[in-house]
Amino acid sequence: ELYAALDWLGAQQARIERKLAKRHLTDGCLVLYDLTSAAYTGSHCSLANFGFPREGNGRRRYRQVRIGLVCTREGIPVAVEVFSGNTVDSTTVRSQVEKLRERFGVRRVVLVGDRGVLTDVLLKGDLASEGLGWITALRAPAIRALVETGALQLSLFDQQDLAEITSPDYPRERLIACRNPLLAEERAQKREELLRATEKKLDEIVAATQRARRPLRGEAAIGLRVGAVVNKQRMGKHFRLHITDVGFSYERDTESIAAEAALDGLYVIRTSVPAGELPAEETVRAYKGLAVVEHAFRCLKSELGLRPIWHQKAERVQAHILVCFLAYVLWKTLEQWQKRAGLGHSPR
């Protein structure tokens, strides 16, 4: 009986999503889209594949499924889709655009996604031909390139934390550079912790080359040990390494560290939406709105029983996730009702 109910619910997903979209989406609205991974602990499901999870240590330990969630700007979910566990984020965007336009009838929409979802290739390819508005952010190497070419000058942030800039590398786009002092402090602290942890491991290798009994010898052998250490924390770029057949020494690359520190707390929002439709402050606020999708993922996993996933049939895995999705829709609906009623407690 439970499986029959689950199968029935799975067949109603399209109808449920259309009703949610009709209630919460309008032409020209902002739509938030992001993906997460959920470990699959059953067996024989066609959707479950090995892939790198978006959280934790990133090891390929479990099979997983990918879950894409479409939310309104206020964080109300309107659609959910389950993908194979090895699906690349950016390849899921086109199906969401088709869903918004064909199934939900929303012709004009501004899609907000992080830099892993709305990639440069996608923005200059499929989305450009679709005429879709979008908001995303630049990756760190692209921000560094803007600084090196002079399009982004760090002195802009001496008196303000937000500045709109232009670059010939991004024609017909708006770039909004922002600096978050708290984020800068957090990244500087984390980098220092990683540097110290790396130095501790490198000191062990130095000691191994200097010990009296069976010292570590050979440039190749020493290099393997050193590479394993610096690659683990991805701190190799911040050290100068000196490896010989009989010894090893290192020192911090202060210039590399200073160059990276100069960009701490700096991020650049990019968008195709004209300033007349969405001012710079509103654009930044819209991108930061992706935090509500992350909150939804946390609630699905920790509060609403998304995991473990044991079903063997793909359609039942999808229906299982749909149950949790609908529970979260109810959660957000009650939350809105309580706010309107002036009640402060959680609807949990």
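Residues numbered from 1 in each chain as written. Predicted model: local features only at pLDDT ≥ 70, side-chain atom pairs only at ≥ 80, totals over all residues. Heavy atoms only, no water.

Trainee: Just give me the short version of the overall build of the chain, but keep the residues and values in it.
Mentor: Helices and strands together make up the secondary structure of the chain, namely 12 helices and 11 strands. Dimensions of the chain along its principal axes, counting C-alpha atoms only, are 75 × 55 × 45 Å. By residue count, 45% of the 348 residues in the chain fall in the buried class. For the chain, contacts bridging at least 24 residues in sequence account for 65% of all contacts bridging at least 6. Here the chain carries 53 positive and 42 negative side-chain charges, and the mean point of each set is 6 Å from the other. (Helix = DSSP H or I, 4+ residues; strand = E, 2+ residues; numbered from the N terminus. Buried < 20%, exposed > 50% of the residue type's maximum accessible area, 1.4 Å probe, protein only. Contact = heavy atoms within 4.5 Å. Lys, Arg positive; Asp, Glu negative; His and termini not counted. Charge placed at Lys NZ, Arg CZ, Asp CG, Glu CD.)

Trainee: If you had to explain the pairing of strand E3 (residues 63–72) to someone new, which residues and values would you point to?
Mentor: Among the 10 residues of E3, nine are classified as buried, and the element is accordingly described as predominantly covered. Bridging between strand E1 (residues 29–40) and E3 involves 10 bridges; their strand directions are antiparallel. Bridging from a neighbouring strand, tyrosine 40 pairs with arginine 63 of E3. Pairing of E3 with strand E4 (residues 77–84) involves seven bridges; the strand directions are antiparallel. The residue of E4 that forms the bridge with valine 65 is serine 84. (Pairing = 2+ DSSP bridges.)

Trainee: Please provide a residue-by-residue account of the packing of aromatic side chains, values included.
Mentor: Per the counting criterion, the structure on display carries three aromatic pairs. Where phenylalanine 239 meets tyrosine 250, the ring centres are 5.8 Å apart and the plane angle is 75 degrees; that geometry is what we call edge-to-face. Note that phenylalanine 239 is positioned in strand E9 (residues 239–243) and tyrosine 250 in strand E10 (residues 248–252), a separation of 11 residues in sequence. Among the residues examined, phenylalanine 239 registers a relative accessible area of 6% and is labelled buried. (Phe/Tyr/Trp six-rings, centres within 6.5 Å; stacked < 30°, edge-to-face > 60°.)

Trainee: Explain unusual backbone geometry to me, using residue names and the numbers behind them.
Mentor: In this chain, arginine 307 is followed by proline 308 through a cis amide linkage whose omega measures 5 degrees. Among the structural elements, proline 308 can be located in the loop between helix H11 (291–302) and helix H12 (314–341). One non-glycine residue with positive phi stands out, namely arginine 172, at about 60 degrees. On the basis of relative accessible area, arginine 172 is assigned to the exposed category, the value being 79%. A positive phi angle, close to 55 degrees, is found at arginine 234, a residue other than glycine. Relative to the helices and strands, arginine 234 resides in the loop between helix H8 (219–233) and E9. Judged by relative accessible area, arginine 234 falls into the exposed class, the value being 69%.

Trainee: Let's hear about helix H10 (residues 280–288): which residues, and what values?
Mentor: Burial in H10 covers these residues: Ala280, Thr283, Val284, Ala286 and Tyr287. When H10 is viewed along its axis, its buried side chains cluster within an angular range of 160 degrees and face the same direction. (Arc of directions from axis to C-beta.)

Trainee: Let's hear about the pattern of salt bridges: which residues, and what values?
Mentor: Counted under the stated rule, the structure contains 20 salt bridges. Aspartate 120 serves as the salt-bridge partner of arginine 270, at 3.1 Å between the closest nitrogen and oxygen. Of the two residues, arginine 270 is situated in strand E11 (residues 266–271) and aspartate 120 in helix H4 (residues 120–124); the sequence distance between them amounts to 150 residues. Residue arginine 270 is classed as buried on the basis of its relative accessible area of 3%. A single network of salt bridges, built from pairs that share partners, joins Arg191, Lys237, Glu260 and Asp264. (Salt bridge = Lys/Arg side-chain N within 4 Å of Asp/Glu carboxyl O.)

Trainee: How would you summarise the packing of helix H7 (residues 181–210) against H8 if you had to cite specific residues and measurements?
Mentor: The geometry of H7 relative to H8 is characterised by a closest axis approach of 9 Å and an angle of 170 degrees between their N-to-C directions. Looking at the two axes, H7 sits roughly antiparallel to H8. Only Ile222, Arg225, Val226, Val229, Val230 and Gln233 of H8 make contact with H7, whose side of the interface consists of Leu194, Thr198, Lys201, Leu202, Ile205, Ala208 and Thr209. Of the residues that constitute the contact of H7 with H8, the class distribution is eight nonpolar, three polar and two charged. (Axes fitted to C-alpha atoms, helices over the stretch in contact; angles between N-to-C directions. Parallel < 35°, antiparallel > 145°, perpendicular 65-115°, else oblique. Nonpolar A, V, L, I, M, F, W, Y, C, P; charged D, E, K, R; others polar.)

Trainee: Tell me what's going on with the layout of surface pockets, and back it up with residues and numbers.
Mentor: Quantified by volume, the second largest pocket comes out at close to 530 Å³. Around the second largest pocket sit 24 residues that line it, and Leu132, Gly133, Trp134, Ser272 and Val273 are the ones nearest its centre. Put simply, the parts of the chain that give the lining of the second largest pocket at least two residues each are E1, strand E5 (109–112), H4, helix H5 (126–130) and strand E6 (133–137). (1 Å grid on protein atoms, 1.4 Å probe; cavity = no way out; pocket = protein on both sides within 12 Å on 5 of 7 lines; lining within 4 Å. Points joined across faces, edges and corners; volume = space filled by probe spheres on them.)

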